[in-house]
Structure formats: C-alpha cells, structure tokens
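Commentary on secondary and tertiary structure
Here are the chains, one letter per residue:
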Amino acid sequence: MSVHASPQPGGAGRPVTIADLQAYADAGEKFAMLTAYDFTSAAILDEAGIPVILVGDSLGMVVLGHDSTVPVTMDEMIHHTRAVRRGARRALVVGDLPFGSYQASLEEGLVNGMRVLKEAGANAVKLEGHHPELTRRLVAAGVPVMGHLGLTPQSVNQLGGYKVQGRGEEAADRLVAQARELEAAGAFSLVLESVPSDVGRRVAEVLRIPVIGIGAGPDTDGQVLVFHDFLGMTGGHLPRFVKQYANLRGEIVAAAKAYSAEVASGDYPGPEHQY
Ligand code: KIV
C-alpha cells in the first residue's frame, strides 16, 4: 500500500488535513471548529461536516465538573481524545495539552505532545500561551501545533479571572508579536480567545496561518465554540461570545420529566416496547 493512500482518497469523505485548513484560509473560506469529548458527539459533528474537532481541556469544566481547566490530567485528555478519534472518521482531531503537561521542561512537553498523537490518535495538539521553543521542537518531531493566545484559561489564577485580553495598544502589540513568533515557530493555526474584535482582525491580517476565534470578532479565518455551550446545555452564566444554536438543556429536562411521568403512570413501556 502506498504511504500516501487515505481511507477515501480524493472523495468528499477524505480526512481533513492541516493543509486543507491552510487552503480554506488562503481562499478566504471561513470554517467552524467545535469541541467534543466522546465518541457519539464526535460522530455527530463528523456527520455534520465539521472539519476540525478540538478535544479541549474545557473537558474539565463541562464534562468533569471542575471550576477551571487547571485540574485536567494527561490521562484524562488521552482517554477522551481516544473516544473522539473513534467517532471522527473525517474531521481533523486536535487534542489539548493540559496544564502541567509541558511547563516543567521542553522534554516533558515533547513527550506529552507525542502521546496525544501516538496514544490518543489525534492529528495535532493545541498549546496554550506563548511557547515558541516548544512549538518548534514539537513541529520538528512531527507534531502539528495549534497555538492559543488571548485569554488562556489554564492561566486563570495568573490572569485573575476570565477577562478580555489584548486591550490597549501595548497589550495588543504584544499579542500580535507573540502570534507572529508562534507562526514563525511552525504553528499551523492559532486560537485567539476573548480579545477585542479589532485585535482579532489585526492578528488575522498579519498571520498567514488560519486564526480561529472564540470571542475575537468576525474577521478571523475560523470560529470555535464549546459543544455544551453552542447546544444550550450549559447552566449558569455564559460568556458574551456564545451563541446557542439549540436549547438541549430545556429539551433534556422536558424529556426526562415526560419519561418519569410515563413510568409513574404506567404508560411506558407500552405494548410496542414489550417482548
Ligand atoms: O478547551 C477548550 O475547549 C478550548 C476552546 C474554548 C478554544 O481551548
């Protein structure tokens, strides 16, 4: 078998690559990324044609119930990324490197980056913050890197909360400079979170690689939202940038109440549900 063979060569179902994302950006075609954390959700997003699925460390909050992403471990990321990989046949799967998995040394970051590809089956890793040297080393080792600047939730304790970043000329200039360095280090794309729209536009204009915004305005090459947020499953306060495309929380509550009432009344199971 040729090493270039793909499961569905040339067809509409051909797996998405990092080169495809660059081609979308070069052609000015905006694209959507969504997070997923399990097999079924990933399969549904794949069926919908979402080209990039991020197994974000937001996992820690929306799936595991922590109040930040800080406690998420490598083993948890590997476990969930594997499940997503099994569901996503076509989408490019990107796995987050969690807090504590890359800060201690370049070597540890390299080893953990390779684990996300080798053990979990992801196509790329996402790395929060300004880490050009680690980005260079990962890319040299064959691990595609998606950068992440602006609000970096793993640094919530340092930032003093989930605040908009890049406000003011100096902060905006610093952010643009860091984005350029990550691109020069070989990052294939960049997530830009919670920055003023004009900063989102500036970064997207100066970088050639695709910039994927979340609360970074309309001018980035792509947008990303968290699965539970865009489907209206998350309870409590939501950031301003979230648009809910469904109200699944309301639908699930209503369905659970209807089921419970039918069990109580004896209407479920009906004759058609019996052997
Ligand atoms: O962890 C995550 O889900 C993310 C996205 C919000 C970009 O980093």
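Predicted model, so just to flag it, every value in this text is computed and none were measured. (Residues numbered from 1 in each chain as written. Predicted model: local features only at pLDDT ≥ 70, side-chain atom pairs only at ≥ 80, totals over all residues. Heavy atoms only, no water.)

On to the nonpolar core. Of all hydrophobic cores here, the largest spans 34 residues; its most connected members are Leu45, Ile53, Val84, Leu97, Val125, Leu127 and Leu138. Broken down by secondary-structure element, the contributors of at least two residues to this core are helix H2 (39-47), strand S2 (52-55), helix H4 (74-87), helix H5 (106-118), strand S4 (124-128), helix H6 (132-140) and helix H10 (227-230). The element that contributes the greatest number of residues to this core is H4, accounting for four residues. Of all hydrophobic cores here, the second largest spans 17 residues; its members include Ala172, Val176, Leu190 and Leu192. (Core = buried A, V, L, I, M, F, W, Y, C linked by side-chain atoms within 4.5 Å. Buried < 20%, exposed > 50% of the residue type's maximum accessible area, 1.4 Å probe, protein only. Helix = DSSP H or I, 4+ residues; strand = E, 2+ residues; numbered from the N terminus.)

Near the ligand the following residues occur: Thr35, Leu54, Gly56, Asp57, Ser58, Asp96, Lys126, His148, Val191, Ile214 and Val226. Here an oxygen atom of the ligand and a side-chain polar atom of Asp96 are 3.3 Å apart. Separating an oxygen atom of the ligand from a side-chain N or O atom of Lys126 is a distance of 2.9 Å. About the coverage of the ligand: the protein hides 95% of its 260 Å² of free accessible area. Broken down by class, the residue content of the shell around the ligand amounts to four nonpolar, four polar and three charged. (Near = heavy atom within 4 Å. Polar contact = N/O pair within 3.5 Å; in protein donor to acceptor, adjacent residues only side chain to side chain. Areas by Shrake-Rupley, 256 points an atom, 1.4 Å probe, with all protein chains shown as cover. Nonpolar A, V, L, I, M, F, W, Y, C, P; charged D, E, K, R; others polar.)

Within this structure, the stated rule accounts for nine salt bridges. A salt bridge links Arg115 to Asp75; the shortest N-O distance between them is 3.1 Å. With Arg115 in helix H5 and Asp75 in helix H4, the pair connects residues that are 40 residues apart, well separated along the chain. Using a relative accessible area of 53% as the deciding quantity, one classes Asp75 as exposed. (Salt bridge = Lys/Arg side-chain N within 4 Å of Asp/Glu carboxyl O.)

Take the pairing of strand S6 (residues 189-193) next. The buried count for S6 comes to five of five residues, which makes it a mostly enclosed element. Here S6 shows two buried faces, one formed by Ser189, Val191 and Glu193 and the other by Leu190 and Leu192. Sheet topology note: the strand S5 (residues 145-150)/S6 ladder contains five bridges and is parallel. Counted as the bridge partner of Gly150 is Glu193 from S6. As paired strands, S6 and strand S7 (residues 211-214) are joined by four bridges and run parallel to one another. When the sheet's bridge partners are listed, Val191 is paired in S7 with Ile212. (Pairing = 2+ DSSP bridges.)

Further remarks concern the pairing of S4. Counting buried residues in S4 gives five out of five residues, a clear majority hidden from the surface. Of the two faces of S4, the one holding Ala124, Lys126 and Glu128 and the one holding Val125 and Leu127 are both buried throughout. Two strands pair when backbone bridges link them, and strand S3 (residues 92-96) and S4 are joined in this way by three bridges, in the parallel orientation. Paired with Val94 across the two strands is Ala124, which belongs to S4. For the handedness criterion, the β-α-β arrangement of S3, H5 and S4 is classed as right-handed. Sheet topology places S4 next to S5; four bridges connect them, and they run parallel. Note on S5: the bridge partner recorded for Leu127 is Gly147. What joins S4 to S5 is H6, and the crossover it makes is right-handed. (Right-handed = clockwise from strand over helix to strand, strands pointing away.)

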